[in-house]
Every structure is written in C-alpha cells, then in structure tokens.
Amino acid sequence: IEGNSRIENESFEDVGFFKIGDWLETDALSRAKIRVGSIGEVEVDSDSRIKLIETKPDEYRLALDKGKIHATIWAPPRLFFVETPSATAVDLGCMYTLEVDEKGWRYLYVISGWVALENNGQESIIPTGAMCETHKASGTGTPYFKNSDEKFINTLKLFDLGERDIAIINTLLSSAEKDDLLSLWHIIPKVDEKSREAIFLTMKEFIEMPDGVTKEQIIKADKKSMDELWEVLGFGS
C-alpha cells in the first residue's frame, strides 16, 4: 500500500507474492495488503511481521508474530486462520482487527460477523462489537463488548489473570448488564459449582431460560444445555 514492505528481505514490489514459509515484514513507514485467494484480503499495518503457513482451497493460514492486521473474509466459516503465540483466530465469516504487542498481549476486535479464538482445546466466540485479549502466559481470554462498564471489564481482566475467588465473581455479577452475558457464558466452565449457580441466577434476571435448561445442568456445564443457552443469548456463531 505504501513504503517499502519486504518478503524474505526482498522488496515486496519485486517479489509480489508469498510462498509457504515466507515472512512479510513492514517497517514504520510501510503497509501492505495480501489477497487471500478469492476469499478475502488482509491489510498489514506498519511495524508488523506475518508468515504464510498454508494456502489450499480448504485452508488459508497465516501466523502473526508482531504488529497489527485487518482481515476481511467473505468465505464460508473455518477456511481462514491466523495463528499467534497464544491462540489461533478462526474466521466464521467476518471483518476483524488482530494485534500482537511487544509485551506478549494479543487483541482481537470483531467489526462484523464472528471469530473463534482457539487454544489447547478451549474456544471463545467473539461476535460483532466484542473483543478478546489473550496472552501466552494466561491463554485465551474471555470476550467482552467494548461498551461494557469499565468496572466489569477491569474485573474480567483480573479473572483472566487467575483471580477467580468468590469476591471476583460477585463483582462481575453485580456490575453485569445484558450484553455481559456473553462473558458470563464463557466463564461458566472455568469456575466452581457455587459460582456457576450464581451466574445462572444472574442470567435469569436478563433472559428467559430455554425449556429444559435447568440450574442443575448449568452447574454441571452440560454441553447440550450450554449450546441451547448460547442460542437464546442471540450472539450467533
């Protein structure tokens, strides 16, 4: 787009395309755009480094080492992947921004559609208007909406860093609004049974529980009940 981007230390303009295993790097004055087959494009911001891992009809995969990208994908879900040291962003048909900073934090913000963040068997679903922060030391974070109450967001960050006692849970529940059910749904499997019960009772204040979804099932984090609850929340997938 501008400046002097480089692929494997050669000028982007001279090379013009990726090979598997190549690194694309931008400096402070350059930006680049990658066409992802026929399914979308990725704009690479300045001071970024990104690698091509795979490109085939059913899998396009990049790895973001540092910097920021803006991805626009119009293909069916689960064709486009971006790896980071702490999690993999899985496209579910969307537009999003992904950033990796020098301190090891990864920030994902979804502009439209949905993105899944996956790491070691854990998955977070981030819908339009929501974001998620991850770190390789603490793993995949809990998604939240950018317009959530500051107290709720700050408490959620403490939760993701490992502070999960009942005081933290109570602060989350007392400051939660309806949109924050996105975050509460994601933390149910991560807390003890007493906290799950408290989350269930708080959620009941905002929504009508689906037929057959009981407090006992949520306390067990029953997968079928959790899936039905997700559908009622209306955030999509």
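Presented here is a report on the structure given in the accompanying data block. Because the structure is predicted, anything quoted here is derived from the model rather than measured.

So, how was this worked out
Residues numbered from 1 in each chain as written. Predicted model: local features only at pLDDT ≥ 70, side-chain atom pairs only at ≥ 80, totals over all residues. Heavy atoms only, no water. Helix = DSSP H or I, 4+ residues; strand = E, 2+ residues; numbered from the N terminus. Expected span 1.5 Å × (residues − 1). Buried < 20%, exposed > 50% of the residue type's maximum accessible area, 1.4 Å probe, protein only. Arc of directions from axis to C-beta. Contact = heavy atoms within 4.5 Å. Axes fitted to C-alpha atoms, helices over the stretch in contact; angles between N-to-C directions. Parallel < 35°, antiparallel > 145°, perpendicular 65-115°, else oblique. Left-handed = near helix turned anticlockwise from the far one by under 90°. Nonpolar A, V, L, I, M, F, W, Y, C, P; charged D, E, K, R; others polar. Salt bridge = Lys/Arg side-chain N within 4 Å of Asp/Glu carboxyl O.

Right, let's get into the environment of T214. With respect to the helices and strands, the residue T214 is situated in the loop between helix 5 (193-204) and helix 6 (215-219). On a C-alpha basis, the gap between T214 and F200 in space is 8.8 Å, while along the polypeptide they are 14 residues apart.

Attention now moves to helix 5. Across its 12 residues, helix 5 extends 17 Å between first and last C-alpha, which sits within 8% of the 16 Å expected from 1.5 Å per residue. For helix 5, every residue scored as buried is listed here: S195, R196, I199, F200, T202 and M203. The buried residues of helix 5 occupy one face: seen down the axis, they fall within an arc of 165°. Among the exposed residues of helix 5, those oriented more than 90 degrees off its buried face are E193 and K194. The inward-facing, buried residues of helix 5 contact helix 3 (166-175), helix 4 (181-187), helix 6 and helix 7 (223-233).

This brings us to the packing of helix 2 (residues 150-160) against helix 3. Relative orientation and spacing of two packed helices are given, respectively, by the angle between their axes and the distance between those axes. At their nearest, the axes of helix 2 and helix 3 sit 9 Å apart, and the two run at 150° to each other. Relative to helix 3, the element helix 2 lies roughly antiparallel. When you trace helix 2 past helix 3, the crossing you get is left-handed. Contacts between helix 2 and helix 3 involve K151, F152, T155, L156, L158 and F159 from the former and I168, I169, T171, L172 and S175 from the latter. Looking at the contact of helix 2 with helix 3 residue by residue, the class counts come to 7 nonpolar, 3 polar and 1 charged.

This part covers unusual backbone geometry. Phi angles above zero are rare outside glycine, and E8 is one such case at about 50°. With respect to the helices, strands and loops of the structure, E8 is situated in the loop between strand 1 (6-7) and strand 2 (10-11). You can call E8 partly exposed: its relative accessible area is 40%. The phi dihedral of R78 is positive, around 65°, even though this residue is not glycine. According to the relative accessible area criterion, R78 is partly exposed, its value standing at 37%.

In this section: the environment of T55. Inspection of the secondary structure puts T55 in strand 6 (residues 49-56). Among the residues examined, T55 registers a relative accessible area of 41% and is labelled partly exposed. For the pair formed by T55 and P210, sequence separation is 155 residues and the distance between their alpha carbons is 41 Å.

With that settled, the discussion passes to the pattern of salt bridges. For the coordinates displayed, the defined rule picks out 16 salt bridges. With a shortest N-O distance of 3.6 Å, E41 and K33 are connected by a salt bridge. Overall, the relative accessible area of 30% leaves E41 in the partly exposed class. A relative accessible area of 41% places K33 in the partly exposed class.

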